[in-house]
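So you can see what is in the structure, the chains are spelled out below.
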Amino acid sequence: MRKGVIVCGANGERGLMLERAVVKFGPRNTGKMLQFSICTVATAPIMISMSGVDMDQLVTVNGCKNRCCDKILERSGMKIARSVVLDDATDRKLGPCQFTSDWNFPDIKEEEIEKMAKLMEDAL
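K.L.:
Teacher, can you tell me more about unusual backbone geometry here?
P.N.:
The phi angle of most residues is negative, glycine excepted, and most peptide bonds adopt the trans form. One non-glycine residue with positive phi stands out, namely Arg 67, at about 50°. Following the sequence through the fold, Arg 67 ends up in the loop between β3 (53-62) and α4 (68-75).

In structure tokens:
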């Protein structure tokens, strides 16, 4: 069985950073996991179990320390094996999730993206 990786639906700079980390993480780990968006799982949690994921091996990828992914899965009665947070991959203070039309985030560094992808791989 594969592990389920549930990724936060963060917006703004956090969302862009998660997307870039998933782009690095995905190709190196597709044989070990199935990836879901928490936005999809929240409305239909049965999708995870129907996909053949080991329900005792769920990994959450949270955009902030609010850990929305964890809260949503726990409310649905699911068990989380590992949880990672984007804030742990950067030494600078990130702003909150926000709806934005400005996709110019010059402070994002490749080292932060690599560190987040590594945190995800370690959790997997």
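K.L.:
Just checking my understanding: could you explain α4 for this structure?
P.N.:
Every α-helix carries 3.6 residues per turn, so stepping three or four residues along brings you back to the same face. The complete set of buried residues in α4 reads Cys 69, Asp 70 and Leu 73. For α4, the arc enclosing every buried residue in end-on projection is 95°, short of the 170-degree limit, so these residues lie on one face. The secondary structure elements touched by the buried residues of α4 are β1 (2-7), α2 (38-43), α3 (46-50), β3 and β4 (80-85). Residue Gly 77 follows α4 closely and has a positive phi angle near 85°.

K.L.:
I'm lost on the pairing of β1 in this one. Help?
P.N.:
The side chains of a regular strand alternate, residue by residue, between the two faces of the sheet. Relative to β3, β1 runs parallel, the two sharing five bridges. In the sheet register, Val 5 faces β3, and the bridge partner there is Val 59. In terms of strand pairing, β1 meets strand β2 (residues 33-37) through five bridges, oriented parallel. When the bridges of β2 are listed, Val 7 appears paired with Ser 37. Regarding the hand of the β-α-β motif, the stretch spanning β1, helix α1 (residues 12-29) and β2 is right-handed.

K.L.:
What is the right way to look at the environment of Asp 87 in this model?
P.N.:
Note on placement: Asp 87 falls in the loop between β4 and α5 (110-123). Since its relative accessible area comes to 18%, Asp 87 is described here as buried. Spatially, the C-alpha atoms of Asp 87 and Glu 112 are 9.6 Å apart, while their sequence positions differ by 25 residues.

K.L.:
Explain the confidence of the model for the protein chain here, please?
P.N.:
In low-pLDDT segments, the atomic positions of the prediction should not be examined closely. Averaged over the protein chain, the pLDDT score is 87; the fraction of residues at 70 or greater is 96%. Within the protein chain, β4 carries the highest mean pLDDT (94), whereas α2 carries the lowest (80).

K.L.:
Explain the environment of Gln 35 to me, please; I cannot follow it from the model alone.
P.N.:
In this structure, Gln 35 sits in strand β2. Residues in contact with Gln 35, not counting those within four places in the same chain, are Val 5, Val 7 and Val 22.

K.L.:
What exactly am I supposed to notice about α1 here?
P.N.:
Taking 1.5 Å as the rise per residue, α1 with 18 residues should run 26 Å; its terminal C-alpha atoms sit 25 Å apart, in good agreement. At its buried positions, α1 is contacted by β1, β2, β3 and α5.

K.L.:
Explain the sheet that holds β1 to me, please; I cannot follow it from the model alone.
P.N.:
The strands making up a sheet associate through backbone hydrogen bonding, with each pair oriented either parallel or antiparallel. With parallel pairing, the four strands of this open sheet are ordered in space as β2-β1-β3-β4. In this open sheet, the two edge strands, each paired with only one partner strand, are β2 and β4. Across the sheet, the mean angle separating the axes of adjacent strands is 20° when strand polarity is ignored. Two strands pair when backbone bridges link them, and β3 and β4 are joined in this way by five bridges, in the parallel orientation. Residue pairing across strands places Asn 62 opposite Val 85, the latter belonging to β4. Running at roughly 160° to β2, α1 makes contact with β1, β2 and β3 of the sheet. Sheet strands touched by α5: β3 and β4. Its angle to β4, the strand with the most contacts, is close to 170°.

About the cut-offs
Residues numbered from 1 in each chain as written. Predicted model: local features only at pLDDT ≥ 70, side-chain atom pairs only at ≥ 80, totals over all residues. Heavy atoms only, no water. Helix = DSSP H or I, 4+ residues; strand = E, 2+ residues; numbered from the N terminus. Buried < 20%, exposed > 50% of the residue type's maximum accessible area, 1.4 Å probe, protein only. Arc of directions from axis to C-beta. Contact = heavy atoms within 4.5 Å. Pairing = 2+ DSSP bridges. Right-handed = clockwise from strand over helix to strand, strands pointing away. pLDDT = per-residue confidence, 0-100. Expected span 1.5 Å × (residues − 1). Axes fitted to C-alpha atoms, helices over the stretch in contact; angles between N-to-C directions.

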